[in-house]
Amino acid sequence: MNTFKKVLAIGLAAVMSLMIVACGNGDGGLNSGETEKGKIVFGTNAEFPPFEYVTSNGIIGDFDGVDIAIAKNIADDMGKDVEIKNMEFDSLLIELDNGQVDAVIAGLSVTEERKEACDFSIPYYVATQVMIVKEGSDIRKAADMNGKRIAVIRGYTGQAYVEELGYEYETFTKGSESITELVDGKCDVLVIDSATAEKYVKDNEGLAIVEDPDTFGVEQYAVAVKKGNSKLLSRINEYVQKMLDNGTISDLSAEYLDKDIPDTATEDAE
């Protein structure tokens, strides 16, 4: 069983056992105008296969992936149209707070810092950070990155881990750009989420994954809504729980891991 599927099996079992009920004070309606416009707008960063990426034949416009499929299921269950707005990862919660999107689904890990900026749904996936290196690398654990050329994606939790370790690093806005740097020998290691690492290693010869569970803890992905928007959060929780219970999310995760996912380095994706 590969790393992604092992984490998936463990993670979904853990998520389904949490029985988290997200709530808020007051009536907390949907974002302004959401009911009237008859659609729900999700923000994402389509640089994170297999969760979200750009393709010419997506399931919502030009977008596809595990998260995009989850978003479509949520919208369908709500009886609403769905729109995806693609933006840089570190702009997602800002645009959510500004009301430019109703919710964010982007492989977004639940952290205490992010809880101050938004409200999270029931977690739907559990992952961890790993290191992608070239085959034959002498990096065997996180401590071995010291003094190496480290790549991270701006705003991802991998960046926070590397900062906490006190190592210098270079940031990228796209995972595809960082992988190209690694393949071309311009960096030594990329720190990124496990599922996306599996896809990059599968699609690029000569790369390998290095795990360090003593350094990189378990993370939970969830949908984010604007703080206090308890009405929308309650509805999203209902449909996320439904997909966890009936195995939809597990099936989607396995399906997209095996898909031939194109390079997402498109300059005009918005």
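Residues numbered from 1 in each chain as written. Predicted model: local features only at pLDDT ≥ 70, side-chain atom pairs only at ≥ 80, totals over all residues. Heavy atoms only, no water.

A.B. asks: I keep staring at helix H7 (residues 175–183) and nothing clicks. Help me out?
C.D. replies: Two residues of an α-helix separated by three or four positions point the same way, owing to the 3.6 residues in each turn. Those residues of H7 not exposed but buried are Gly175, Ser176, Ser178, Ile179, Glu181 and Leu182. The positive-phi residue at the C-terminal boundary of H7 is Gly185, with phi of around 80°. (Buried < 20%, exposed > 50% of the residue type's maximum accessible area, 1.4 Å probe, protein only. Helix = DSSP H or I, 4+ residues; strand = E, 2+ residues; numbered from the N terminus.)

A.B. asks: Quick question: what am I supposed to make of the environment of Thr111 here?
C.D. replies: Here Thr111 lies in the loop between strand E6 (103–104) and helix H5 (112–115). Setting aside residues no more than four positions away along its own chain, Thr111 makes contact with Phe120 and Thr157. Looking at Thr111, its side chain comes within polar contact range of the main-chain nitrogen of Arg114, at 3.0 Å. (Contact = heavy atoms within 4.5 Å. Polar contact = N/O pair within 3.5 Å; in protein donor to acceptor, adjacent residues only side chain to side chain.)

A.B. asks: Please clarify how the packing of aromatic side chains should be interpreted in this entry.
C.D. replies: Aromatic rings considered in pairs are described by the distance between their centres and by the relative angle of their planes. Enumeration according to the criterion identifies nine aromatic pairs in this entry. For the ring pair Phe51 and Tyr125, a centre distance of 5.1 Å and an interplane angle of 65° mean the geometry is edge-to-face. Taken as a pair, Phe51 in the loop between strand E2 (47–48) and strand E3 (52–54) and Tyr125 in strand E8 (residues 125–134) lie far apart in primary sequence, 74 residues in all. Across this residue pair, the class does not change: Phe51 and Tyr125 are buried. An aromatic cluster of at least three residues, connected via ring pairs, comprises Phe48, Phe51, Phe89, Tyr124, Tyr125, Tyr156 and Tyr221. (Phe/Tyr/Trp six-rings, centres within 6.5 Å; stacked < 30°, edge-to-face > 60°.)

A.B. asks: Help me out: how do you make sense of the confidence of the model for the protein in this one?
C.D. replies: Detailed conclusions should not be drawn from predicted coordinates in areas where pLDDT is low. Mean pLDDT for the protein: 86, with 83% of residues reaching 70 or above. Considering only residues more than four positions removed or in separate chains, one finds that residues 1–35, a stretch of pLDDT under 50, has 64 contacts. Here residues 264–270 is modelled with pLDDT under 50, and outside its nearest four sequence neighbours on either side it reaches 18 contacts, counting other chains as well. (pLDDT = per-residue confidence, 0-100.)

A.B. asks: Which parts of the structure should I look at to understand the side chain of Thr196?
C.D. replies: Assignment of secondary structure puts Thr196 in helix H8 (residues 194–203). With sequence-adjacent residues up to four places away left out, Thr196 is seen in contact with Phe48, Pro49, Pro50 and Phe51.

A.B. asks: Could you clarify how one ought to interpret the sheet that holds strand E14 (residues 224–226) in this entry?
C.D. replies: As summarised here, the arrangement of the five strands in space is E5-E1-E6-E14-E7, forming an open sheet in which the pairing is mixed. Single-partner strands in this sheet number two, and they are strand E5 (81–86) and strand E7 (118–120). Note: strand E1 (residues 39–44) against E5, six bridges, orientation parallel. What sits directly across from Phe42, in E5, is Ile84. Taken strand by strand, helix H3 (residues 66–78) contacts E1 and E5, and its axis lies near 165° from that of E1. Its contacts with the sheet put helix H9 (residues 230–245) on E1, E6, E7 and E14, and the angle it makes with E14 is roughly 160°. (Pairing = 2+ DSSP bridges. Axes fitted to C-alpha atoms, helices over the stretch in contact; angles between N-to-C directions.)

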